[in-house]
Amino acid sequence: MKAEDARFPEGFLWGAATSAYQIEGSPLADGAGASIWHRFSHTPGRVFENQTGDVACDHYHRFAEDIEWMRRVGLSAYRMSVSWSRILPSGYGRVNAAGLDFYARIIDLLLANGITPMVTLYHWDLPAALDDRGGWTNPVVADWFANYAHVMFGALGDRVPLWATINEPWVIVDGGYLHGALAPGHRSLFEPPLAAHNILRAHGAAVRAFRSGPWSAAGAKIGIVLNFEPKDPATDRPEDVAAAKRADAQFNRHYIDALFRGRYPDDMAEIYGEGWPEFPAEDFALIQEPMDFMGINYYSRGLTVADDDAWPTRAIKVINPDAEYTALGWEVYPEGLKRVLLWAKERCGDLPLYVTENGAAFEEPSTVAGGLLADPRRMAYLREHILAVRAAIAEGVDVRGYFAWSLLDNMEWSHGYATRFGLLHVDYANQKRTPKGSALYYRKIARTNGAALAEATPEVEALPALPS
Ligand code: BGC
């Protein structure tokens, strides 16, 4: 492959992503209210080894050091999220100035370092006070969210060029309301359709709030972040093909069809049965409020077979014996990222796209001796997936940026801290950050605007160290 064929369009953003609860720590500091993740992690048995986000990566106190690391890694962009209950401790009403100030200082420091911020308003940490009022199942949540969004636009809208409303509705609904592995931990057939609908309405209401102010006219953009996973039948048996179609509807089409076609897939009523209600037709105008871009998170695919015991989709994932798997048991399938980008273009028209998350966890030590941790599998993962993005661009998809998940090792939700996704290793005993080979490699990719991908994945030893 020639370097020119690997190079990305001018102005392409090379970023890394994080989320508030996963890295910040100090969840109740300076007047913040509790979030559902604070409560969930403090409920015994919910998170691996009962770990919590009380300290996490202590980013709350170390954000300046972390931004310094971003500069050294050569990032041109950084995707972060805001904790709603730091801003509005009760979810609505009184604004906590200390919370706004924390995020304002981060944004200012990013900009001073030439790093473009993309701010996600909701990355799963609903104010607990709103969960007490039904959380995402209460239709009023769309107004609460739009109000919170408006506070954020008012405070930072003059400095933040890229806003994402909500991160991964599928995970919020599937983990939070269907199976209960994530906060708030409900297991219900009846809540997921309502929660999904209200998340989409909340997104639309926040986009409307954004359009009501000066921010669009000043050039700022707003979109949503969806996660996709191609659902491929593992065999050509008709029952497996039908199962893959149901899994695809429940995972991928539930959200994108509502946003871009103004209706839910027909499969949803079959999957949820009596749990699937009628939705007011007029809600879809709000849900379809035009956005400026879409963020896509991609990790893996789902090789699928029929299984009548798999509630409620009657479809389960099976192992591909020929594939590599990550520490979370996710198939490494770079081709899927190209497929997902092409598919999104077909579904959303020519909306600009960002890969807002992509990355992998592999087994890694909790402490690092010496100045660098070799992570050759992550380096290969990044190379193959970023080349898949390049291939999608070559086929006409308008992709504007790529954000590696994640800048730092962090709290991987219910898996806790043993699952490490970072470009930078974190030693939780002393909060020391150590670059992994992937951080050096990613720097080289970013500095050459992709051209370095033309060479086979280099050895860690051959990579230039980070500048001081
Ligand atoms: C989420 C991240 C998470 C990552 C790896 C995404 O679903 O947005 O918060 O850590 O995947 O599981």
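So, here is what we can say about the structure in this document. Small disclaimer: the values here were computed from a predicted structure and weren't measured. (Residues numbered from 1 in each chain as written. Predicted model: local features only at pLDDT ≥ 70, side-chain atom pairs only at ≥ 80, totals over all residues. Heavy atoms only, no water.)

### A look at unusual backbone geometry
Put simply, the test is: Each helix is a run of H or I in the DSSP string that is no shorter than four residues. Each strand is a run of E no shorter than two, and both are numbered from the N terminus. Summary of the burial criterion: residues with accessible area below 20% of their type's maximum are buried, those above 50% are exposed, and those between are partly exposed, where the area comes from a 1.4 Å probe applied to protein chains only.
Looking along the chain, the bond that leaves Trp-311 and enters Pro-312 is cis, with omega of -5 degrees. Topologically, Pro-312 is positioned in the loop between strand 8 (302–306) and strand 9 (315–317). Omega for the bond connecting Trp-405 with Ser-406 falls within 30 degrees of zero, at 15 degrees, which places this linkage in the cis form. Take Ser-406: it is sitting in the loop between strand 11 (399–405) and strand 12 (424–427). The backbone of Trp-413 shows a phi angle near 50 degrees, a positive value even though the residue is not glycine. The buried category is assigned to Trp-413, whose relative accessible area is 5%. One non-glycine residue, Gln-431, lies in positive phi territory at about 65 degrees. With respect to the secondary-structure elements, Gln-431 resides in the loop between strand 12 and strand 13 (432–435).

### Observations regarding the sheet that holds strand 9
Test applied: Two strands are said to pair when DSSP picks up at least two bridges between them. Only the contacting stretch of a helix is used when fitting its axis, a line to C-alpha atoms as for every element, and angles between N-to-C directions run 0 to 180 degrees.
Ordered in space as 6-8-9, the three strands form an open sheet in which the pairing is mixed. Unpaired on one side and paired on the other, strand 6 (231–233) and strand 9 mark the two borders of the sheet. Strand-to-strand, the axes of this sheet are offset by a mean angle of 45 degrees, without reference to chain direction. As defined by bridge partners, strand 6 adjoins strand 8 across three bridges and the pair is classed as parallel. Residue Pro-233 lies in a different strand from strand 8, and its bridge partner there is Thr-304.

### A word on the nonpolar core
Side chains of a nonpolar character, in soluble globular proteins, are inclined to be buried together. Formally: Here the nonpolar core consists of buried residues drawn from Ala, Val, Leu, Ile, Met, Phe, Trp, Tyr and Cys, with membership extended through side-chain atoms lying within 4.5 Å. Note on contacts: a residue pair is in contact if any heavy atoms of the two residues lie within 4.5 Å.
Formed by 140 residues in total, the largest nonpolar core has its most connected members in Trp-37, Trp-136 and Met-294. No other element matches helix 8 (residues 141–156), which puts eleven residues into this core. Ignoring anything within four residues of it in the chain, the contact list for Trp-37 reads Tyr-21, Val-47, Trp-124, Asp-125, Leu-182, Ala-183, Met-411, Trp-413 and Ser-414. If you look at the next biggest cluster of nonpolar residues, it comprises 13 residues, including Ala-17, Leu-162, Trp-405 and Phe-421.

### Looking at the site of the ligand
Spelled out, the test is: Here, proximity means that at least one heavy atom of the residue falls within 4 Å of the molecule or strand. Pairs of N or O atoms are called polar contacts if they sit within 3.5 Å, as long as, within protein, a hydrogen donor faces a hydrogen acceptor (for residues adjacent in sequence, only side-chain-to-side-chain pairs). Under the convention used here, a 1.4 Å probe and the Shrake-Rupley method define accessible areas, while residue burial counts only the protein chains that appear. The method works on a 1 Å grid over the protein atoms by themselves. A cavity is a set of points holding a 1.4 Å probe that cannot get out, a pocket is an open set with protein on both sides within 12 Å along at least five of seven lines, and residues with an atom within 4 Å of a point line them. Think of it this way: if more than half of a molecule's atoms are within 2 Å of a pocket's grid points, that molecule is in the pocket or cavity. For this classification, Asp, Glu, Lys and Arg are treated as charged, while Ala, Val, Leu, Ile, Met, Phe, Trp, Tyr, Cys and Pro are nonpolar and the rest, including Gly, are polar.
Around the ligand sit Gln-22, His-123, Trp-124, Asn-167, Glu-168, Tyr-299, Trp-330, Glu-357, Trp-405, Glu-412, Trp-413 and Phe-421, and that is every residue in its neighbourhood. Trp-405 is positioned with one of its side-chain polar atoms (N or O) 3.3 Å from an oxygen atom of the ligand. Within the side chain of Trp-413, an N or O atom sits 2.9 Å from an oxygen atom of the ligand. When the free accessible area of the ligand is taken as 310 Å², the share hidden by the protein chains comes to 94%. More than half of the atoms of the ligand fall within 2 Å of the grid points belonging to the largest pocket. Of the residues in the shell around the ligand, the class split is six nonpolar, three polar and three charged.

### A closer look at the environment of Ser-83
Structurally, the position occupied by Ser-83 is in the loop between strand 2 (77–81) and helix 5 (84–87). For the pair Ser-83 and His-123, spaced 40 residues apart in the sequence, the C-alpha separation amounts to 7.9 Å. Setting aside its immediate chain neighbours within four residues, Ser-83 contacts Ala-20, Glu-24, Tyr-103, Asp-125 and Tyr-148.

### With respect to the packing of aromatic side chains
The description of two aromatic rings rests on the distance between their centres and on the angle between their planes. For clarity, the threshold we go by: Pairing of aromatic rings covers Phe, Tyr and Trp, the last through its six-membered ring, and needs centres within 6.5 Å; plane angles under 30 degrees mean stacked, over 60 mean edge-to-face, and all others mean tilted.
For the structure shown, the criterion picks out 37 aromatic pairs. Ring geometry for Phe-153 and Phe-210: centres 4.9 Å apart, planes at 70 degrees, overall edge-to-face. Pair noted here: Phe-153 is in helix 8 and Phe-210 is in helix 10 (residues 191–211), with a separation of 57 residues, a long-range link. Of the residues examined, Phe-210 reaches a relative accessible area of 0% and is grouped as buried. The interplanar angle of 25 degrees and the centroid separation of 6.0 Å between the aromatic rings of Tyr-272 and Trp-276 together place this pair among those described as stacked. Tyr-272 gets classed as buried once you look at its relative accessible area, which sits at 2%.

### Focus on helix 16 (residues 437–447)
The element helix 16 is largely enclosed, with a buried count of nine among its eleven residues. When helix 16 is considered as a whole, its buried residues turn out to be Gly-437, Ser-438, Ala-439, Leu-440, Tyr-441, Tyr-442, Arg-443, Ile-445 and Ala-446. On its buried side, helix 16 packs onto strand 1 (13–17), helix 4 (59–73), helix 15 (376–394), strand 11, strand 12 and strand 13. A positive backbone phi angle near 50 degrees is found at Asn-449, which sits one or two residues after helix 16.

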